[in-house]
Structures are given as structure tokens and as C-alpha cells.
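For reference, the chains in residue letters:
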Amino acid sequence: MAAGKEIRGKIKSVENTKKITKAMEMVAASKMRKAQDRMRAARPYSDKIRNIAANLGQAHPDYVHPFMLVNESKTAGFIVVTTDKGLCGGMNTNVLRSVTNKLRDLQAEGVSSQAVAIGNKGLGFLNRIGAKVVAHVTQLGDTPHLEKLIGPVKVLLDAYVKGEINAVYLCYTKFINTMKQEAVVEQLLPLSANKIQAEAAASGKQHAWDYIYEPDAQSVIDDLLVRYAEALVYQAVAENMASEQSARMVAMKAATDNAGNVIAELKLVYNKTRQAAITKELSEIVAGAAAV
């Protein structure tokens, strides 16, 4: 029964793995609810400040912030948001594939790139492909903290203000629902009125906002656009964390179900092996009795 003992060992091993994946599924489900609540609470603020900042491109005030100007540099900046841990399905793979495609397109146009990595997975990927990583932040935990994010991101924002890069792209995984997450690569800078005009045309709201600035346009716009960058980066990290927990819960559920299927198959093989051994012993006993 050496084969039977080996199969029993495999069954025990898979059962232990199933217990672990089940526990991870339950933990991810608990964290997912909190992450989704945090992400949904931040969405209205980020959407509103995104609309206001985009409309400033149409307002044409006396003061034009550097974020609204188009630089002629041949370098682009990327903020790549990924997870610190794995076991969340193909979530990181999808966003990193989108980043790779964008980098390839820019390289074909003769544009180099530099990146800020938020999360261990993105940092490791960027280092492997030889990308220039100017700053990074890892080990954010389960709750995004704005003070940890702004420092690394400010490196790219300052480079844009100096004219060293021509665009800043924000790459993250957008939460759609528990079963679906979408990899997004969107342009953070420069601010363009084209997008808001397209959205207005699609919704049938063709209008331009006129603003009264107090105390003056420069003070208001400077503070607003700093908040704009902070809000969008925070929202991207919050979306990514909600997507991470959802993807991990689904992946661990699939792993638990697969472990159950493997256990059922191994038990079937074990029973067949045991039955074959019993049949062989009975045959030997009958043959021995017949010989006597």
C-alpha cells in the first residue's frame, strides 16, 4: 500500500492548502468591503475636481498654470500603481501590459520615459525592463495615506513644471464591480479641455464656465491644481486597493474550488488503488487455497 500511503499524503497536503485559500478568501472579502466604501467615498470629490480643473482650460484666466502648458520635451512620465502582494489573479499583469504597450508606442515616436512606482509589483517590473524609476513607494498597507503618496509623485510634477517631461500618465486598475476590474492608462498632465468638451458633447451640455477668482487667479489655480493632482493619485490608489481585494477574493475562491476538485479526484484514485490491492490479495488467497 505504498502508493495508497503516498496518495493519502497528497490528499492531506491539498486539504491543508484548501484551508489556507479559504481563509484568505474570507479575509479578502472583509477587506474588500472597507476598500470599496473608501473608494466610493472618494469618487465624487475626484470627479468634481477633475471637471473643474478641465474647465479651467476653457476659462482662459489671466494666469496660466504650468500644468496647462504643453512642453516640447521628448520624455514622458508614468505613475504606475500596482499591489504590494500577489495572489490576486491577472490584475497586475493587465495593468503592466497596458503600461508596456504605452511605453512601446512612445518609444516608436522617439519619446523616452521615467516612472514613479507605487507598489512592489510595479517596482519590480519596471526594474526588470530597465525603465528609469525616479521615485517609488511600497508597503502602503490596506489604507492609502496621502502623505506617503505625494512625495514620490511630486518628483514628476516638479519635472513637468520645469519642462523636463511632456506628459504625465496615471496607470492603475479601475474598479468596475466585484468580478470585473479594468486596467487604465490616463493622461494626468497636461490638462486638456478636449476631454471635457467631448464629455459635454456626449451629454448634450454645451457650455463654458466663467470663474471669479478671490483673492487672485494665480493663488486659486495654484492651490486647486495641487489638490487636483493629489485627489487623482489618491483616487487611483483607492481604486487599485478595492480592485486588489476583489481580485484576490475571486482568485482564492477559484483556488479553493480547484482544491476541492483535486481532493475528489485523489480520493477516487485512492479508492481504486485500495480496491485493486484488496482484489489482488483475494486472488492470491483463492489461488493458494486451490493449490492446496
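Data block above holds the structure.
Nothing here was measured: the structure is a model prediction, and the numbers come from that model.

Peer 1: Now, about the overall build of the protein chain: what can you tell me, with residues and values included?
Peer 2: Assigned secondary structure in the protein chain consists of six helices and five strands. Sequence-ordered secondary structure for the protein chain, helices as α and strands as β, is α-β-α-β-α-β-α-β-β-α-α. Relative to a compact globule of 292 residues, whose C-alpha radius of gyration would be 19 Å, the protein chain shows 28 Å and is clearly more extended. The 292 residues of the protein chain split such that 40% are buried. Partitioning the intrachain contacts of the protein chain with sequence separation of at least 6 by distance along the chain shows that 78% fall at a separation of at least 24. Carbon and sulfur atoms form 54% of the exposed surface of the protein chain, whose accessible area is close to 16,000 Å². If the 37 positive side-chain charges of the protein chain are averaged to one point and the 29 negative ones to another, these points end up 12 Å apart.

Peer 1: Break down a nonpolar patch on the surface for me, with residues and values.
Peer 2: The grouping of Ile278, Leu282 and Ile285 at the surface amounts to a nonpolar patch, some 280 Å² of accessible area in total. Looking at the element boundaries, Ile278 is found in helix α6 (residues 217-291).

Peer 1: Give a detailed account of the sheet that holds strand β3 (residues 132-137), specifying residues and quantitative values.
Peer 2: Strand order in the open sheet formed by five strands is β3-β2-β1-β4-β5, and the pairing between neighbours is mixed. Of all strands in the sheet, those bounded by a partner on one side alone are β3 and β5 (180-189). The mean angle between the axes of side-by-side strands here comes to 20°, regardless of whether they run parallel or antiparallel. Pairing of strand β1 (residues 75-81) with strand β4 (residues 167-177), which is carried by five bridges, proceeds in the parallel orientation. Considered in β4, the bridge of Val80 is made with Cys171. Contacting β1, β2 (112-118), β3, β4 and β5, helix α4 (residues 146-161) crosses the sheet at an angle of about 150° to β3. Across the sheet, α6 is in contact with β1, β2, β4 and β5; its angle to β4 comes to roughly 40°.

Calculation criteria
Residues numbered from 1 in each chain as written. Predicted model: local features only at pLDDT ≥ 70, side-chain atom pairs only at ≥ 80, totals over all residues. Heavy atoms only, no water. Helix = DSSP H or I, 4+ residues; strand = E, 2+ residues; numbered from the N terminus. Rg over C-alpha atoms; globule rule 2.2 N^0.38 Å. Buried < 20%, exposed > 50% of the residue type's maximum accessible area, 1.4 Å probe, protein only. Contact = heavy atoms within 4.5 Å. Areas by Shrake-Rupley, 256 points an atom, 1.4 Å probe, with all protein chains shown as cover. Lys, Arg positive; Asp, Glu negative; His and termini not counted. Charge placed at Lys NZ, Arg CZ, Asp CG, Glu CD. Patch = residues over 30% accessible without salt bridge, like charges linked within 9 Å, V, L, I, M, F, W, Y side chains within 5 Å. Salt bridge = Lys/Arg side-chain N within 4 Å of Asp/Glu carboxyl O. Pairing = 2+ DSSP bridges. Axes fitted to C-alpha atoms, helices over the stretch in contact; angles between N-to-C directions.

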